[in-house]
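Chain and residue survey
Residues per chain, in single letters:
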Amino acid sequence: MRKFQIYRGDHSNGELVTFETEVMEGMVVLDVVHKIQAEQANDLAVRWNCKAGKCGSCSVEINGKPKLSCMTRMNEYGADETITITPLKTFKVIKDLVTDVSWNYTQNKRIKPVKLAPESKTEKGYVMYQEDVDRVQEFRKCIECYLCQNVCHILRDHDKKEEFIGPRFMIRVASLEMHPLDIEDRIPELKNDFGSGMCNITKCCTDVCPEHINLTDNGIIPLKERVIDRFYDPVTILRRKVFGPRKKKLPPIN
Amino acid sequence: MLDISEIKTIEHDVLIVGAGGAGLSAAIEASAQGMSTGIVMKSLLGKAHTVMAEGGMAAALGNVDARDDWKIHFRDTMRGGKFLNVWRMVEHHAKLAPERVRLLEEWGAVFDRTKKGLINQRNFGGHRYPRLAHVGDRTGLEMIRTLQDHGIHQGIETYMECTALDLLKNESGAVSGIVCMWRDTGTFIIFKAKSIIFATGGGGKAWDVTSNSWEYTGDGYAMAYEAGAELMDLEFNQFHPTGMVWPLSVKGLLVTESVRGEGGILLNKEGTRFMFDYIPERFRSETADTHEEAARWLAGDPNARRPPELLTRDVVARAINEEVKAGRGSEHGGAYLNIATQRSAEDIKKKLPSMYHQFKVLAELDITKEPMEVGPTCHYFMGGIRVDADTTMSSLPGLFACGECAAGMHGANRLGGNSLSDLLVFGYLSGKNAAEYAKKIKTHSKINGAQASKIIRDATTILNRETGANPYLLHAELEQNMQKKVGIIRTKEELEEGIEQLGKIKEAYKTVKAKGASQFNPGWHEALGLRNLLITSEAVARAALLREESRGAHTRADFPGEQDHWLKYNIVTTKGVDGNMQLNKVERKPPDPELERIAKSDIDALELEIASERTRERT
């Protein structure tokens, strides 16, 4: 028999409840939660879907560490270690392990959608090469588990959700800005509305990403550089004044 | 007495239930038609089953092999479906898929590229040419995220974590709305709509070994059935040949067909590449019969025929099943799937990153070095709500269906990759036609209070009972029953036992009890889904008993082989006036002669014909 402590309650009232259950070979933490749910606590609330690390629904904190419970094997823990499972701290608890993540959906809506260069369109579709898309394909691996939003100290410790859209949506912007054919401009709102300057690149988001996306180095830092170029670098500011905004160089059509 | 006027009501022209690839495609199109559009989903946006799809979406773009054409895609699909498909639906699909895939690119999807900078395409079972547009092995994620990111800017209202319970009808018997429940609070809401589109997916959660998540409880089938719509072809349940078999906690989890598309081979414990022994007559002339030819195909020889691992899913699943039964199975009762000997470690990590990760974490196995152990897992329903091939409307006026919950497109067996393209094509057609239907209706029908209160009462009774059966244990019992009695290989005796057992579970369900309060209560949600699963399971088992032949995914040990007589019929299921399930053999419409000619053409002759057509067009 193994010991588990699971948070039960809502945002204002709740406590850690102790459960004991048997753990079989190969089990992940989500399996244990399901077993407890079926046998001991039928109304224990938890989100899950794919059980294979593809949908990003089952994010929780296990012994204080933000993780996907479907991809966390029980054998990562000591045989007599008590496992504590709590909901994501950054979002309000609806019930037990389920939190209100709706704020994230409203952030996505604020980002201007993709707009592809019409001159890259042929009758066989748009033309862009693998080496052009590698970079954005990394960001597009995001499964929206919101673990990065959960550990970002601007959101978690300072609760500045009004001022910063968080790492998930920084890389959503990056995936659009670095799309080889996208011709929309999102740099002004990145600075003025999305709070890109607030991130001080502690890389906590990169550390927890279950998809191993290098959010900070490959997404957030290059975006911050684009903001600096646009608004703070006198040379580029002058160049823009004289020559107008630089046109995106599109991949050749062969 | 419940006062229905206290329940909040929201009006839309078109309401969609389900937010996977089909539902989102439908919503985008309905909204584009100027309709006030809402979309209701059980999970959060972007988490539907589509997100788990791996391999790709099939469309005859001809980017990798220019010989591809809608006619070849059409022929492959009909043959894969053992000619039971609704001809006209397969035609729509093959013709429309390329433009829908290209539109997805316009909406922001970033597919893997060919050397010429176009959408790359990969090989898959049953497809003659590399046809699947893909992004590594996470194509479903790319698709749902693209539709989601596009959809949120189209003025569509999304209702997340909202469970649909049952349909409402007006005096003339047309759909007028639907009663739903907010999962977080457990409160009810009524949506009034001029037309409703079901995009609710399948019912694979009825089996013990399944690749499906908790959401797949056959909600669309059961709600449509209860409202009087016709279901069709429910005996055809696809068991994907390659699910994980070990460790037990992940048994059934999908291993993408792309592993075989990228060259992976199947071996038994004696090390024999057994698929060479299972090539059906219909595919013999188009399948490699030596290791040498299969190796040439993998190396890219355009004249080599495809390896037998890429036969259709029904064939491969049965072959693995046979090998295990004959005592030649792998250590944990499956077959070995080996990509390590076929491709470099670098290639594998690039082409199959999520498979690499999945096995590394969940099975502590490195697929670049060792073979995987795989076995059949319940994956997909070919059958579902019977719809009109052009409008996608069901037999119930105002109710439309698309995606996995609709029947007809895939016949007796679906080809891999034809699901994601199905979602795009038929999602679009449903959205368009449901909008056109709604435009003809001036005002919303009045809600029938008695209908709505009954739906709500049935749901709350489960919570309010003093004691009763545990929904989780009942569900587990159902899964065991379906797995053992209504599995891959079926017999009259076992099906009858299965149906009898289903009757007992249905009886026990009448006293099902969800403990706790109404707020986010998974026990209650489980119990509500179980009603739908029981209806679905019974429809599957009864249709499987009636169809006395083996065709595609439906295999009867007591009636081996396809029977010409049965090709003429679909099994259509409805709720009888006495409340009992009614099954009818319904004669199929004769095919359009030109479509029939294409499907039955010799492949070489058909390709010559396409080539000369193209030359004529150029000159």
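Residues numbered from 1 in each chain as written. Chains lettered and ligands numbered in written order. Predicted model: local features only at pLDDT ≥ 70, side-chain atom pairs only at ≥ 80, totals over all residues.

Here the focus is the overall build of chain B. Within chain B, the secondary structure is distributed over 19 helices and 20 strands. Against the 2.2 N^0.38 benchmark of 25 Å for 619 residues, chain B shows a C-alpha radius of gyration of 23 Å, consistent with a compact globule. Across its three principal directions, the C-alpha atoms of chain B cover 75 × 60 × 50 Å. Burial analysis of chain B (619 residues in total) assigns 61% to the buried set. Sequence-distant contacts, at least 24 apart, represent 74% of the contacts inside chain B between residues at least 6 apart. (Helix = DSSP H or I, 4+ residues; strand = E, 2+ residues; numbered from the N terminus. Rg over C-alpha atoms; globule rule 2.2 N^0.38 Å. Buried ≥ 20, exposed ≤ 12 C-beta atoms within 10 Å, placed from the backbone. Contact = placed C-beta atoms within 7 Å.)

Okay, the overall build of chain A next. Check the secondary structure of chain A and you find 10 helices and nine strands. Dimensions along the principal axes, computed over C-alpha positions, put chain A at roughly 70 × 40 × 30 Å. Sequence separation of 24 or more characterises 63% of the internal contacts of chain A that already satisfy a separation of 6 or more.

As a further point, take the sheet that holds strand β4 (residues 121–122) of chain B. Residues and elements named next belong to chain B. An order of β3-β5-β4 is seen for the three strands of this open sheet, with the pairing classed as antiparallel. Looking along the sheet, the strands with just one partner apiece sit at the ends: β3 (57–58) and β4. Alignment of β4 against strand β5 (residues 132–133), held across two bridges, turns out to be antiparallel. Bridge pairing in β5 links Arg122 to Leu132. (Pairing = 2+ DSSP bridges.)

All names here are of chain A. Across the two faces of strand β5 (residues 83–86) the burial differs, with Ile83 and Ile85 buried and Thr84 and Thr86 not buried at all. Relative to β5, strand β1 (residues 2–9) is paired through three bridges, and the arrangement is parallel. When the bridges of β5 are listed, Ile6 appears paired with Ile85. In terms of strand pairing, strand β3 (residues 59–62) meets β5 through two bridges, oriented antiparallel. By the bridge assignment for β5, Ile62 is matched with Ile85.

Time to look at helix α15 (residues 492–509) of chain B. All names here are of chain B. Over its 18 residues, α15 extends 25 Å from the first C-alpha to the last, a length consistent with the 26 Å expected when each residue adds 1.5 Å. By the burial criterion, the buried members of α15 are Leu495, Gly498, Gln501, Leu502 and Tyr509. Angularly, the buried residues of α15 cover 125 degrees about the axis, an arc narrow enough to put them on a single face. Exposed positions of α15 whose direction lies more than 90 degrees from the buried face are Glu493, Glu500, Gly503, Lys504 and Glu507. (Expected span 1.5 Å × (residues − 1). Arc of directions from axis to C-beta.)

With 51 residues of chain B in contact, the opposing surface of chain A contributes 50 residues. Every element with two or more residues in the side of chain B that touches chain A is listed here: α3 (87–106), α4 (139–151), α11 (353–362) and α16 (522–546) of chain B. In terms of residue count, the dominant contributor to the side of chain B that touches chain A is α4 of chain B (five residues). Its residues assigned to classes, the side of chain B that touches chain A comprises 20 nonpolar, 17 polar and 14 charged. (Nonpolar A, V, L, I, M, F, W, Y, C, P; charged D, E, K, R; others polar.)

Sheet strands pair via backbone hydrogen bonds, and the direction of the pair is either parallel or antiparallel. All names here are of chain B. Judged by pairing direction, the sheet is antiparallel, and its four strands sit side by side in the order β11-β14-β13-β12 without closing on themselves. For this open sheet the edge positions go to β11 (237–244) and β12 (265–267), each flanked by a neighbour on one side alone. The mean inter-strand angle of the sheet, taken between neighbouring strand axes irrespective of direction, is 45 degrees. Pairing analysis gives three bridges linking β12 to strand β13 (residues 335–338), with the strands arranged antiparallel. Across the sheet, residue Ile265 finds its bridge partner in β13, namely Asn338. (Axes fitted to C-alpha atoms, helices over the stretch in contact; angles between N-to-C directions.)

Here the focus is the packing of helix α14 (residues 471–485) of chain B against α16 of chain B. All names here are of chain B. In contact at an axis separation of 9 Å, α14 and α16 are set at 25 degrees when each is read in the N-to-C sense. Relative to α16, α14 is oriented roughly parallel. The element α14 and its partner α16 pack so that their crossing is left-handed. Where α14 approaches α16, its residues Pro471, Tyr472, Leu474, His475, Leu478 and Met482 are matched on the opposing element by Gly523, Glu526, Ala527, Leu530, Leu533, Leu534 and Ser537. Partitioned by chemical class, the residues of the contact of α14 with α16 number nine nonpolar, three polar and one charged. (Parallel < 35°, antiparallel > 145°, perpendicular 65-115°, else oblique. Left-handed = near helix turned anticlockwise from the far one by under 90°.)

Soluble, globular proteins show a tendency: their nonpolar side chains are buried together. Residue and element names in this part refer to chain B. Counting residues in hydrophobic clusters, the biggest one holds 254 residues, and the most contacted among them are Ile197, Ala224 and Ile385. Of the residues forming this core, the biggest block, 13 residues, is contributed by α16. Contacts of Ile197, omitting those with residues within four sequence positions, involve Val14, Ile16, Ala26, Phe400, Ala401, Cys402, Ser430 and Ala434. (Core = buried A, V, L, I, M, F, W, Y, C linked by C-beta atoms within 7 Å.)

This part takes up the packing of helix α1 (residues 21–32) of chain B against α4 of chain B. All names here are of chain B. Running from N to C, α1 and α4 point in directions that differ by 25 degrees, and their axes come no closer than 10 Å. One finds that α1 runs roughly parallel with respect to α4. You can see that α1 and α4 cross each other, and the crossing is left-handed. Facing α1, whose interface residues are Gly21, Leu24, Ser25, Ala27 and Ile28, α4 presents Met143, Ile144, Leu147, Gln148, His150 and Gly151. Within the contact of α1 with α4, the residues separate by chemical class into six nonpolar, five polar and no charged.

Once that is clear, we can look at unusual backbone geometry. Comment: phi is negative for the bulk of residues other than glycine, and the bulk of peptide bonds are trans. Residue and element names in this part refer to chain B. Here the residue pair Trp246 and Pro247 is connected by a cis peptide bond, since its omega of -5 degrees sits within 30 degrees of zero. Relative to the assigned elements, Pro247 resides in the loop between β11 and α6 (258–261). Here the phi dihedral of Glu364 falls at roughly 50 degrees; this positive angle occurs in a residue that is not glycine. Summarising the element assignment, Glu364 is placed in the loop between α11 and β14 (372–381). The exposure class of Glu364 is exposed, given the 11 C-beta atoms found within 10 Å.

Parts of the prediction with low pLDDT should not have their coordinates interpreted in detail. Mean pLDDT over chain B stands at 96; residues scoring 70 or higher make up 100%. For this predicted complex, the interface score ipTM comes out at 0.97, alongside a pTM of 0.97. (pLDDT = per-residue confidence, 0-100.)

Residue and element names in this part refer to chain B. Structurally, Pro241 is set in strand β11. When the C-alpha positions of Pro241 and Pro376 are compared, they lie 4.1 Å apart, and in sequence the two are 135 residues distant. What Pro241 contacts, discounting residues up to four positions off in sequence, is Arg313, Val316, Ala317, Ile320 and Pro376.

Turning next to the pairing of β3 of chain A. Residue and element names in this part refer to chain A. The pairing of β3 with strand β4 (residues 65–68) spans four bridges and is antiparallel. Following the sheet pairing, Glu61 is matched in β4 by Pro66. Here β3 hands over to β4 after two residues, with Asn63 in that stretch at a positive phi of 50 degrees.

Time to look at the environment of Met178 of chain A. All names here are of chain A. Among the structural elements, Met178 can be located in the loop between α6 (167–177) and α7 (187–192). By C-beta crowding, Met178 is classed as buried, having 20 other C-beta atoms within 10 Å. Taking the C-alpha atoms as reference, Met178 lies 7.5 Å from Arg135; in sequence the two are 43 residues apart. The residues contacting Met178, other than those within four sequence positions of it, are Arg135 and Val136.

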